[in-house]
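Breakdown of the fold
Next come the chains, spelled out residue by residue.
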Amino acid sequence: MNAKPGAHEIRRRFLRYFEGKQHAVVPSSSLVPENDATLLFTNAGMVQFKDVFLGREQRPYTRAVTVQRCLRAGGKHNDLDNVGFTPRHQTLFEMLGNFSFGDYFKREAIAYAWEFLTEGLQIPAERMVVSIYNGEGEAAPRDDEAYALWAELIPRDRIYAFNAKENFWMMGDTGPCGPCSEIHIFHGDRAPGDAVREGRFGPAYEEGRYTELWNLVFMQYERDAGGKLTPLARPSIDTGAGLERLATVIGGYASNYETELLAPLVALAKELAGVDPKKSLGEGEAPFRVIADHARAAAFLIADGVFPDRTRREYVLRRIMRRAIRHGTQVGLDEPFLHKVCARVVTEFGEVYPELRARAATIDELVLVEEESFRRTLDRGLRRLDAAFGGLADGATAFPPEVAADLYDTYGFPVDLTGVICREHALTLDEAAVEREVERRQASGQDAELGAGKAVEDAYFRVKEAHGATRFLGYGALEAEAVVQAILREGQPVSEASAGETVEIICDQTPFYAESGGQVGDTGELTGERLAVTVTDTRKPTELHVHHGVIEVGRVHVGQRVTLTVDKERRDAIRRNHSATHLLHHALREVLGPHVVQKGSLVAPDRLRFDFSHARPMTADQRREVELHVNRAALQNLPSSTRLMSPADARHVGAIGLFGEKYGDEVRVVTIGAESVELCGGTHVARSGDIGLFALTSEGGVAQGVRRVEAVTGMGAVAFVQERALILDGLQGELHAPDVRELPDRLDRLKGELKAREREVGELKRKLATGGGGEAGPVTVEGVKLMARVVAVSDPKALREAADTLRSRLGSGVVVLGAAREDKAVLLVAATPDLKGRVHAGKLVAALAEHVGGRGGGRPDLAQAGGPNPAGLPAAIDAAPAILEAQLRGSMAS
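Right, let's get into the overall build of the protein chain. Helices and strands together make up the secondary structure of the protein chain, namely 24 helices and 34 strands. By the compact-globule yardstick of 29 Å for 894 residues, the protein chain is too spread out, its C-alpha radius of gyration being 36 Å. If one aligns the C-alpha atoms of the protein chain with their principal axes, the spans along those axes are about 115 × 80 × 55 Å. Once local pairs closer than 6 in sequence are excluded, the contacts in the protein chain between residues at least 24 apart make up 68%. Of the roughly 40,800 Å² of accessible surface on the protein chain, 49% is carried by carbon and sulfur atoms. Side chains of the protein chain carry 110 positive and 127 negative charges; the gap between the two charge centres is 3 Å.

What follows is the structure in structure tokens.
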């Protein structure tokens, strides 16, 4: 090769090449898939275009090029054990892709790929081979068209034909699909064509002399539930080339970890461990490669709003982080280190992925907190594991899944980490059984959704395809005329519905805001001629505003003209809370720091809720300062404005993007005053003074590194303050405090007096129990001293302490104590060690328990019993000498 561009240069060349071929450069989407309940993570470049390929979404372009961040670390790609130990296994990777949505097809796709590889990257054409679909395994015929096109570029003996398993691609069990064509590079020392004549060798058999560079998918069929393939009217192209793999091949490296994408991270991990970064450690490289890969994945996931926790994708992140941390401890990294490697990820990739720079403080803090927490967990979990290993039967080969599930539930100890440690002890662990047990225990609290949002019903798409998106009028109007376009009853479209039925109504336009961005949907009325519908909610699947409601009077039918009227009072309350949320967000960043990132919100008429990234509880002073910031802005009566602009312009003016939103080519920017600037589609007040009073009502943690505050505004805040004032007035009266500010001191004094009295009572009880209160001393039974009495000690711990004290005082003898506790009798017998074989405390207490209607038992030296009849305690104590005498004589006789 004449030139060896590095990975960052390959990325630039790829985008520039396809931009020159009239492809729109589309930014990488989030690792959290949008509106796809089938995926934990974005795992391919086509994920963000899935609805485009399915015909559910239209874009302003028909050609696109992307460099998509992808992650494969869950589900069928759950092969974490290989990451770091093989040259090419990774969790996070970058996928280069070019796409055609009904525009160009096979000829152009093949020509573009070949030209970019041979001319754009200077890969020798004679070292490459390709594969096509041979017609086996699907109803589709052999891809002779692709064969003929490739034959124009390379010798025919370098074109392989493989079956559907290797060269036929499907989006799912049904839907778009088609043959694919792969491009491989040959690393052997003979002509590539020789390999095909050697038998089961070549790309299809993952032979080491070949590396796949690029996969071209020719999406030309629609597959139905019965497996029938129907040609698509507008066939499309979906391609993918791994950046790490290309960089490895072009650079002549033996591993992806030697490329500039990962090598700096491996080097830093070595430096932190005191290892020469230039020195190759052979198999000892693996822990540092694990750290490099997992730090990169963790930083990208946190930047995309995933925080470590115990379920779903959050659990995958935690597993990745904890695997890296444990490998770090194995190479001497005994202090937190992972946040430092993640900081290098931000440095290395922040220019290409600005989300990393924007979330740098959050990444640093979250990773540090998680590592500190896991180091404590690791220590406790390892002790528990060692104890479990010691308790296994001799010759055991398997570790109990229930214990592994216990470790996860109790300590948050990752199941796969338990599996790794088990293998180190030559034990197997059925991780699937552990996962099932964990899921069974957590079933009640698990979220059933995997994707970022619910899968949109096909019925809504059919309405949208027929009528287009709903026109929203609600920014400027609360009432509007509209035409009913569709009616759904129990999810199925109907032409009409009548009184008493619950329905979903979709109109051509509406003033009703549909739930999104944390703001709840509007309620109100839909009326018409002899028609009245109470609208109880408004939702927005795809781009439709769906009015959920109950028909109170009359009938509604498709095509009917209706009047839509929003509940104004409720909308005004929502507006106040939404604008207050923006001011709260700004205040939190000012008071706590720029690492604060919104993690979710609820804007309702009666309150607002705001989740944000922050690792520690807010102090009282911080809460007070946040409230002051928001109320100060409200008192200044700042103007509120909205503007439509491009995402680039929005970033330029410093707009903050809210978590979970999906933005197009034009975004809506809401500005309150000069400092609160956010991307938002919600409804807001005209001026900040419309918010009225603002009050925080609660603050607490909801997940690792995520805090939640709730607040009220307007008359809700007034009611909150008044309620607190009434409570304080009541306390002031009860404590006889002239000034409410004296309440803390009064309470402190009361607590001190209470503790003093508790000490006095405790001392009195101990005196009574130990003979300091004037009770008779011990009696002698068959030469053994016996102290038996009823005591005024209800706490079991205090009773045992009293027995120990009396037993020590006797030196040699037996103590029998009885006490009443919550209308029940408690009996305790303690014997000194020298009486072993003569006195059995368990048998003695069992006989005494008959007097209180109970039973009991225990060790020879200490035993306890209980019963429902505390009135029998004196009789039990009186009977103690006779029962002890019988036991002693029995032991002498034996």
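Now for the nonpolar core. In terms of nonpolar packing, the biggest core is built from 112 residues, with W214, L338 and F399 touching the most fellow members. Ranked by residue count, the leading element in this core is helix α8 (residues 286–303), at eleven residues. Setting aside anything within four residues of it in sequence, one finds F399 in contact with L385, A388, F389, L392, A404, T418, C422, L427, T428 and L429. With 25 residues, the next largest nonpolar core counts L827, L848, A849 and A863 among its residues.

This paragraph deals with the sheet that holds strand β24 (residues 656–657). Across the sheet, four strands lie side by side as β23-β25-β26-β24; this open sheet has mixed pairing. Of all the strands in the sheet, just β23 (640–645) and β24 have a single pairing partner and so form its edges. Seen against the sheet, helix α17 (residues 568–592) touches β24, β25 (667–672) and β26 (676–679) and runs at an angle of roughly 115 degrees to β26.

What follows deals with the sheet that holds strand β34 (residues 862–867). Taken in spatial order, the six strands make up an open sheet running β29-β30-β31-β32-β34-β33, and their pairing is mixed. The open sheet has two free edges, formed respectively by β29 (779–781) and β33 (855–858), since each of these has just one partner strand. Sheet twist, expressed as the mean angle between neighbouring strand axes with direction ignored, is 20 degrees. Of the pairings in the sheet, the one linking strand β32 (residues 824–831) to β34 comprises six bridges and is antiparallel in character. Across the sheet, residue V829 finds its bridge partner in β34, namely A863. Docked against the sheet, helix α23 (residues 841–849) engages β31 (814–821), β32, β33 and β34, running at close to 170 degrees with respect to β33.

Here we take up a nonpolar patch on the surface. Together, I727, L728, L731 and V740 make up a nonpolar patch on the protein surface, roughly 300 Å² of accessible area in all. Mapped onto the elements of the fold, I727 is located in helix α20 (residues 714–734).

To continue, consider the pattern of salt bridges. Per the counting criterion, the structure on display carries 43 salt bridges. A salt bridge links K568 to D572, with the nearest nitrogen and oxygen atoms 2.8 Å apart. In this pair, K568 and D572 both sit in helix α17, four residues apart, roughly one turn of the helix. Linked by salt bridges that have partners in common, E9, R12, R13 and R16 make up one network.

Let's shift gears to the confidence of the model for the protein chain. Confidence along the protein chain averages 88 in pLDDT terms, with 91% of residues attaining 70 or more. Scored below 50 in pLDDT, residues 194–199 shows eight contacts in the model against residues more than four places distant or in partner chains. Low pLDDT, under 50, characterises residues 444–456; the predicted model gives this stretch 33 contacts beyond four residues in sequence or across chains.

This structure, assessed with the given rule, holds 27 aromatic pairs. With a centroid separation of 5.5 Å and 50 degrees between ring planes, the pair formed by Y17 and F116 is classed as tilted. Placement of Y17 in helix α1 (residues 7–19) and of F116 in helix α3 (residues 106–120) is noted, with a sequence separation of 99 residues between them. Comparing Y17 with F116, the two get one shared label, buried. Pairing F105 with F218 gives two aromatic rings, centres 6.1 Å apart and planes at 70 degrees, and the pair type is edge-to-face. A residue pair is termed long-range when its members are at least 10 positions apart, and F105 in the loop between β3 (92–100) and α3 and F218 in strand β8 (residues 210–223) qualify at 113 residues. One aromatic cluster is present, built from ring pairs that chain together F14, Y17, F18, Y104, Y112, F116 and W214. One cation-aromatic arrangement involves R142 over Y147; the distance from NZ or CZ to the ring centre is 5.2 Å. Positioned over the ring face of Y475 is R668, at 3.6 Å from the centre of the ring.

Criteria and cut-off values
Residues numbered from 1 in each chain as written. Predicted model: local features only at pLDDT ≥ 70, side-chain atom pairs only at ≥ 80, totals over all residues. Heavy atoms only, no water. Helix = DSSP H or I, 4+ residues; strand = E, 2+ residues; numbered from the N terminus. Rg over C-alpha atoms; globule rule 2.2 N^0.38 Å. Contact = heavy atoms within 4.5 Å. Areas by Shrake-Rupley, 256 points an atom, 1.4 Å probe, with all protein chains shown as cover. Lys, Arg positive; Asp, Glu negative; His and termini not counted. Charge placed at Lys NZ, Arg CZ, Asp CG, Glu CD. Core = buried A, V, L, I, M, F, W, Y, C linked by side-chain atoms within 4.5 Å. Buried < 20%, exposed > 50% of the residue type's maximum accessible area, 1.4 Å probe, protein only. Pairing = 2+ DSSP bridges. Axes fitted to C-alpha atoms, helices over the stretch in contact; angles between N-to-C directions. Patch = residues over 30% accessible without salt bridge, like charges linked within 9 Å, V, L, I, M, F, W, Y side chains within 5 Å. Salt bridge = Lys/Arg side-chain N within 4 Å of Asp/Glu carboxyl O. pLDDT = per-residue confidence, 0-100. Phe/Tyr/Trp six-rings, centres within 6.5 Å; stacked < 30°, edge-to-face > 60°. Lys NZ or Arg CZ within 6 Å of the ring centre and 35° of its normal.

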